[in-house]
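# Analysis of the macromolecular model
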Amino acid sequence: MKRQKRDRFQRAYVHGYKAGVSGRSRDDCPSQDINLREYWMSGWREGRGDQWDGMTGISGIHKNPMVMT
């Protein structure tokens, strides 16, 4: 069975979230496309907030966007 491709914007959000949770800088955004960058930054902000709230590792599994989809 073929895997359906995910939406580019959803992927950008998830990658941004992972970067935020891992503590990476927002300057690490790989995209120059303004729309993708917007989704990446949105995910980064959410991930950074979760990192500050202590939702990393097992305590943050319910917030992981890959688990929610």
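Above this text sits the structure in question.
Worth saying up front: this structure is predicted, and the values here are computed from it rather than measured.

Note on pairing: side chains with opposite charge can pair once their charged atoms come close. Under the definition given, this model contains two salt bridges. Across the pair Asp-33 and Arg-8 runs a salt bridge, and its minimum N-O distance is 3.5 Å. One end of the pair, Asp-33, is in the loop between helix 1 (8–21) and helix 2 (34–52); the other, Arg-8, is in helix 1, with 25 residues separating them in the sequence. In this structure Arg-8 comes out as partly exposed when scored by relative accessible area, which is 43%. In this structure, Asp-28 engages Arg-24 in a salt bridge whose closest nitrogen and oxygen atoms are separated by 3.4 Å. The exposure class assigned to Asp-28 is partly exposed, which follows from its relative accessible area of 37%. With a relative accessible area of 39%, Arg-24 lands in the partly exposed category.

Thresholds applied
Residues numbered from 1 in each chain as written. Predicted model: local features only at pLDDT ≥ 70, side-chain atom pairs only at ≥ 80, totals over all residues. Heavy atoms only, no water. Salt bridge = Lys/Arg side-chain N within 4 Å of Asp/Glu carboxyl O. Helix = DSSP H or I, 4+ residues; strand = E, 2+ residues; numbered from the N terminus. Buried < 20%, exposed > 50% of the residue type's maximum accessible area, 1.4 Å probe, protein only.

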